[in-house]
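The chain contents come next:
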Amino acid sequence: MHKVKVLLIEDDELASELIYNYLIDCDFDVTPLFTATDGVSHLRNNHVDIVILDINLPDFNGYEVLKDIRHHSAVPIIVTSAYSETKSKLIAFKYGANDYMVKPIDLEELEARIWVQLSKNTQIRTDKKDIFVIKGDTIYFDDIPLDLTAIEFEILTLLIQYANKVVTRDNLVNALSSISSHRSLDNHIKNIRKKIGDNASKPKYIKTEYGIGYSLKM
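What counts and what doesn't
- Residues numbered from 1 in each chain as written.
- Predicted model: local features only at pLDDT ≥ 70, side-chain atom pairs only at ≥ 80, totals over all residues.
- Heavy atoms only, no water.
- Buried < 20%, exposed > 50% of the residue type's maximum accessible area, 1.4 Å probe, protein only.
- Helix = DSSP H or I, 4+ residues; strand = E, 2+ residues; numbered from the N terminus.
- Pairing = 2+ DSSP bridges.
- Right-handed = clockwise from strand over helix to strand, strands pointing away.
- Axes fitted to C-alpha atoms, helices over the stretch in contact; angles between N-to-C directions.
- Parallel < 35°, antiparallel > 145°, perpendicular 65-115°, else oblique.
- Contact = heavy atoms within 4.5 Å.
- Nonpolar A, V, L, I, M, F, W, Y, C, P; charged D, E, K, R; others polar.
- Arc of directions from axis to C-beta.
- Polar contact = N/O pair within 3.5 Å; in protein donor to acceptor, adjacent residues only side chain to side chain.

Peer 1: How should the pairing of strand 1 (residues 5–9) be read in this particular structure?
Peer 2: Consecutive residues of a regular strand have side chains that alternate between opposite faces of the sheet. Burial analysis of strand 1 places four of its five residues in the buried class, the great majority of the element. Across five bridges, strand 1 lies against strand 2 (residues 29–33) in parallel orientation. In the sheet register, Leu 7 faces strand 2, and the bridge partner there is Thr 31. As for the winding sense of the linkage, the β-α-β connection from strand 1 through helix 1 (residues 13–25) to strand 2 is right-handed. In terms of strand pairing, strand 1 meets strand 3 (residues 50–54) through four bridges, oriented parallel. Directly across from Leu 8, in strand 3, lies its bridge partner Ile 52.

Rendered as structure tokens:
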């Protein structure tokens, strides 16, 4: 499986360096660029799995960049911006953004959101060579396809990507916009456990880290 190729378009050198170093440590292949011109040129001439786009760039407005990219590519785009107003978010989504994060960026949450977007892109394979395997929009458990709802698929995808690590409830709720509360998340986890035959009182796969979150043992 190839490394996920991330195009980072961010003109703030410090912010770019922080994001770059974190994602490199997470084993992503990251190309950091500082202008819209360089970013769009790179995207036209190279394969990219996902774009992280700052909306405030020195040469072009980030919304114009979004429109330009969408003319020739369906690559997932996570917009980052200092603007928290609903209007700014709606404009970004109107022009083709897949997700929107308000600065300062929580890096762990950014990684989670990247995996959410990649899980929706059937061109990306994110297999784990274990009992859980992701192929396109289906998760196989011991070679059997699971009948998951959309939100269950996203939750389990994140847990697979963070296999053997604790994912906090807050990060799961923040990464998945359709979940509104910890209680809702817990109910979805309960349903996933039923579908994989995991005993909630003595779980083999999805472990509850009390007061923190969940971890998937693989």
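Peer 1: What is the right way to look at the packing of helix 6 (residues 150–161) against helix 8 (residues 182–195) in this model?
Peer 2: Pairs of packed helices are described in terms of their axes, by the angle between the two and the distance that separates them. Where helix 6 meets helix 8, the axes come as close as 10 Å, and the angle between the chain directions of the two elements is 85°. The angle between helix 6 and helix 8 places the two elements in the roughly perpendicular class. Along the contact surface, helix 6 presents Ile 151, Glu 152, Ile 155, Leu 156 and Leu 159, while helix 8 presents Leu 185, His 188, Ile 189, Asn 191, Ile 192 and Lys 195. Residue classes in the contact of helix 6 with helix 8 are distributed as seven nonpolar, two polar and two charged.

Peer 1: I keep staring at helix 3 (residues 62–72) and nothing clicks. Help me out?
Peer 2: Every α-helix carries 3.6 residues per turn, so stepping three or four residues along brings you back to the same face. Turning to helix 3, its buried residues number three or more, namely Gly 62, Tyr 63, Val 65, Leu 66 and Ile 69. The buried residues of helix 3 occupy an angular sector of 155° when projected down its axis, which confines them to one face. For helix 3, the elements touching its buried residues are helix 2 (36–45), strand 3, strand 4 (77–81) and helix 4 (86–94). Regarding helix 3, its N-cap is Asn 61, as a side-chain oxygen of that residue lies 2.7 Å from the backbone nitrogen of Tyr 63 further along.

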